[in-house]
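Close look at the chain arrangement
In case you want the letters, here they are:
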Amino acid sequence: MSLSLQQRNTRILLRWLPLVMLAGSVFLYFLMRSHILHMQEQQLHLKQNNIWRAFTTSPGGLPLHIRGEYDIVPGPPASIRTSDRPRDTAIRFPGYASETFNLLTSRLTDKGKSYLVTTYISSTEVTHLIIKIALADALIFLLLLGAIVVVNRNISRRLWAPFYTTMDTIRSYDVRQNETPNLSPDTGVDEFNRLNQTLSSLIDNVYQAYRNQKQFTENAAHELQTPLAIIRSKVELMMEGAALNEDTAHLLGEINDANERLSQMSRNLLLLSRIENRQFPEGETVYLSRLVQKQTAFFGDYFQDEVPKTTTEVEPGIQLLASPALVEILVNNLLRNAYIHNVADGYVRVCLNRTGLLVENSGPAIEGDPARLFDRFKKGREDSRTNGLGLALVHQICQLYQFGIRYSYYSGVHRLTVTFPSGS
Amino acid sequence: MKLLVIEDEPSLMASITRYFRKEQFLCEEATTFNDALQKIEDFRYDCIILDINLPGGSGLKLLKFLREDKKRDGVIIISARDSLDDKITGLDYGADDYLTKPFHLPELSARVKSLLRRKYNEGGATVDLDGLHIDLTARTVSAEGQPILLSKLEYDLLLFLVTNKNRVVSQQAIAEHLYDGPSDQAPGPEFVYSHIKNLKRKLKEKGAGEIIQTVYKLGYKLVV
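Numbering of residues begins from 1 in every chain and follows the order in which that chain's sequence is written. Throughout, the order in which chains and ligands are written sets their labels, letters from A for the former and numbers from 1 for the latter. Only residues with pLDDT of at least 70 are given local features in this predicted model, and only at 80 or more are side-chain atom pairs given and counted; all residues enter the totals for whole chains, interfaces and linings.

What about the overall build of chain B?
Put simply, DSSP H or I for four residues or longer makes a helix, DSSP E for two residues or longer makes a strand, and each gets a number counted from the N terminus. Each helix and strand in chain B was counted, giving eight helices and 14 strands. Buried residues in chain B amount to 42% of all 224 residues. Here the contacts in chain B between residues at least 6 apart in sequence split such that 55% fall between residues at least 24 apart. With C-beta atoms placed from the backbone, a residue counts as buried when 20 or more other C-beta atoms lie within 10 Å of its own, as exposed when 12 or fewer do, and as partly exposed for counts between those limits. Here contacts are defined at the residue level, using C-beta atoms placed from the backbone and a cut-off of 7 Å between them.

Observations concerning the nonpolar core
The term nonpolar core refers to a set of buried Ala, Val, Leu, Ile, Met, Phe, Trp, Tyr and Cys residues connected through C-beta atoms within 7 Å. Judged by nonpolar contacts, the single largest core of 108 residues is most densely connected at I6, I49, L50 and I76 of chain B. The biggest single contributor to this core is helix α6 (residues 324-340) of chain A, with eleven residues. Contact partners of I49 of chain B, with chain neighbours within four places excluded, come to L3, V5, I6, I16, I76 and I78 of chain B.

Notes on the environment of L271 of chain A
Within the fold, L271 of chain A resides in helix α4 (residues 246-276). By C-beta crowding, L271 of chain A is classed as buried, having 25 other C-beta atoms within 10 Å.

What about the interface of chain B and chain A?
The interface of chain B with chain A comprises 37 residues on the first partner and 38 residues on the second. Listed by contribution, the elements that provide at least two residues to the side of chain B that touches chain A are α1 (10-21), α4 (84-92), α6 (152-163) and α7 (171-178) of chain B. In the scheme used here, Gly and all other residues not listed as nonpolar or charged are polar, with Ala, Val, Leu, Ile, Met, Phe, Trp, Tyr, Cys and Pro taken as nonpolar and Asp, Glu, Lys and Arg as charged. Here the side of chain B that touches chain A is built from residues that sort into 16 nonpolar, eleven polar and ten charged.

Regarding the sheet that holds strand β11 (residues 404-410) of chain A
All names here are of chain A. In this scheme, strands are said to pair when DSSP sees at least two bridges between them. Sheet architecture is open: five strands sit in the order β7-β9-β10-β12-β11, paired in mixed fashion. Sheet topology places β7 (309-314) and β11 at the edges, where each strand pairs with a single neighbour. Taken pair by pair, the neighbouring strands of this sheet meet at an average axis angle of 10°, ignoring direction. The sheet contact formed by β11 and strand β12 (residues 413-419) spans seven bridges and is antiparallel. Bridge pairing in β12 places G404 opposite T419. Interaxial angle, 0 to 180 degrees, is taken between N-to-C directions of lines fitted to C-alpha atoms, where a helix line uses only the stretch in contact.

A look at the packing of α4 of chain A against helix α7 (residues 390-400) of chain A
Residue and element names in this part refer to chain A. Between α4 and α7, the shortest axis-to-axis distance is 10 Å and the interhelical angle comes to 15°. Accordingly, the angle class assigned to the pair α4 and α7 is roughly parallel. Judged by the sense of rotation from one axis to the other, the crossing of α4 with α7 is left-handed. Contacts between α4 and α7 pair N268, L271, L272, I275 and E276 from the former with A392, L393, Q396, I397 and L400 from the latter. Considering only residue class, the contact of α4 with α7 consists of seven nonpolar, two polar and one charged. Small angles under 35 degrees read as roughly parallel and large ones over 145 as roughly antiparallel, with 65 to 115 read as roughly perpendicular and the rest as oblique. Two helices that cross are described as forming a left-handed crossing if the nearer one is turned anticlockwise from the farther one by less than a right angle, and a right-handed crossing if clockwise.

Side note on the environment of A338 of chain A
All names here are of chain A. Checked against the element boundaries, A338 lands in helix α6. Taking the C-alpha atoms as reference points, A338 and V307, 31 residues apart in sequence, are found 9.7 Å from one another. Setting aside residues no more than four positions away along its own chain, A338 makes contact with V348, V359 and N361.

With respect to the packing of helix α1 (residues 5-57) of chain A against helix α2 (residues 124-171) of chain A
All names here are of chain A. Their axes nearest at 9 Å, the elements α1 and α2 cross at an angle of 155°. Comparing the axis directions of α1 and α2 gives the class roughly antiparallel. Crossing handedness for the pair α1 and α2: right-handed. For the contact of α1 with α2, the residue count by class is 20 nonpolar, seven polar and four charged.

Topic: unusual backbone geometry
Across the chain, the bulk of peptide bonds are trans and the bulk of non-glycine residues have phi less than zero. Going from K101 of chain B to P102 of chain B, the amide bond is cis rather than trans, its omega being -5°. Examined against the element boundaries, P102 of chain B turns out to sit in the loop between β7 (97-100) and α5 (105-121). Unusually for a residue other than glycine, Q402 of chain A sits at a positive phi of about 55°. Along the polypeptide, Q402 of chain A turns up in the loop between α7 and β11. Take Q402 of chain A: there are 10 C-beta atoms within 10 Å of it, and that puts it in the exposed class. With a phi angle near 65°, N166 of chain B is a residue other than glycine that sits in the positive phi range. Position of N166 of chain B among the secondary structure elements: in the loop between α6 and β12 (168-169).

Quick look at the confidence of the model for chain A
Overall, the predicted model of chain A reaches an average pLDDT of 84, with 94% of residues at or above 70. At the level of individual helices and strands, chain A shows its lowest average pLDDT in strand β3 (residues 87-91) of chain A, which scores 70, and its highest in strand β9 (residues 347-352) of chain A, which scores 94. For every residue, the predictor assigns a confidence score, pLDDT, that lies between 0 and 100.

Remarks on the sheet that holds β12 of chain B
Residue and element names in this part refer to chain B. Read across the open sheet, the three strands follow the order β12-β14-β13; overall the sheet is antiparallel. Either end of the sheet is taken by a strand with one partner, and the two such strands are β12 and β13 (212-215). In this structure, β13 lies alongside strand β14 (residues 219-222), joined through four bridges in antiparallel fashion. Its bridge partner lying in β14, Q213 is registered against K221.

Looking at α6 of chain B
End to end, α6 of chain B covers 16 Å across twelve residues, agreeing with the expected 16 Å (1.5 Å per residue, within 8%). Taken residue by residue, α6 of chain B has E154, L157, L158, F160, L161 and T163 of chain B as its buried positions. Expected span of a helix: the number of residues minus one, times 1.5 Å.

Considering the environment of L63 of chain B
Residues and elements named next belong to chain B. Structurally, the position occupied by L63 is in helix α3 (residues 59-68). On the neighbour-count criterion, L63 (23 C-beta atoms within 10 Å) is buried. Leave out the neighbours within four places in its chain, and L63 touches L50, V75, Y93, G94 and A95.

A few points about the confidence of the model for chain B
When the pLDDT values of chain B are averaged, the result is 86; 94% of them are 70 or greater. Interface predicted TM-score (ipTM) for the complex: 0.86; the corresponding pTM is 0.67.

This is how it looks when you write it as structure tokens:
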């Protein structure tokens, strides 16, 4: 499972800090307990000394028993064993609640007489103290845990801020746009500076490679134009030649066909790369209704014998803000596609309204994946009538102007729909 | 008719001049900016075919110079730069027509002749050949006094063939000529066939004779 840096940080803290704190608490508890026991022992010894001194210096001046304080038993039997270590006991004194005492019993002699001296210290208070301290300790640890987590989150947020900035900048970066992202080389953190520098140089390299490749396509297509024009003109001059026989005419015809295909392909490639490079001026009003009417009328006439039925439903007055040349190419390619990939006695229907342009035609089902319809050099059939770039151009133009494009096929009817963004 | 071809690609220059000389045009050549400037200053031409990318300067500058000098020579720009901007700039500078490379020689020829017709006949022109009468203003055709009803495409097709009479015109050249838009976007040239067929049928019905020949694999030719 992937978590954000902060979540992971918090999670780790929450997993390990309580353990460390628990261990700390247990240690503290035992440490304190041992210190307190030691202190009680010292107090018992001190108390015993004081009582014994008072008892021996003024005989009869001290009572033999004070409840909860001491007991002096004269002439104890020798069988009672004593030790120098205090021990715990629970003693019930009438009228008092049961209390735990710590007591020390020693056998002492004064003027040849033996006494058993026992001194008491209540250990209940001490136990309460230990519990209170432990509780306070737990509370402090809990507060500390919360504080650590909060502080840590804040610190990491502040520390990683340059990282998130970098990430946002890169995410919105598109190599096709002609701008390189602005990654600050001085974030105040050495690691992030290095990250930004590395990313910047990486992006520069990628952009250079992309540009070179684009430039190459454009240059290649452009440089091809002149030789193609020369070949075409020479072929046309040869067509005039009286020396042509059927065989050479045939060969010449084939050269011409191939040259025409090449010529069109290179122009379309040039066009594609120009659209990608956004070399078309924008912001002109295109009178789309008029354009669609005109183009459809031409295509309808031109393909009169092949596709006899053309219907149009064009809402008047529809305008777009775009390059007129590109919009014309868009409409043209959609129409040409509809007429060329048709069936005998077929039809083409063109609808234009505020939301979009629909071109519908009868035709055989396309082979292959409809999703790849807009790919370059994807051809329905191997024939010279198409160069496989028409719909790629359509797609590219739609992308440029943020038009939506959709293709559907249902029982012999192809539909290509271009939707305009609302408000254009 | 006197023609000046300004083009820096010698091979293309040779094709253009050869094509026009065959029709009794007087062709002069200029391959650099300065060369062209000299010729423009010294002579008058009926039509100038002007390339934009020239060694030594832009063809657009030549055009500007020509128009500032109040010279009315017809100018047709031929350029590989087919962006819309160039076309608009060229026409703004006073060019009469604009053709993108690569173009078809019959197309260039048709543009030149159309320009010359506009220039010298002020549009009120008719063409007569082999019993066929074409009224260019009214866009009507008749044979032996009988009107022939042609669709717009058929009329354009006939006129294109007539303009390039006795020359072979390829299907591609016809398709691009018929299409009123960017020439490289013209629809399938093989569909030209059906229009030729219809045109031939209509001409034959009115007794205009078999003037349109199919040149196998190459294209069509109007013979008179």
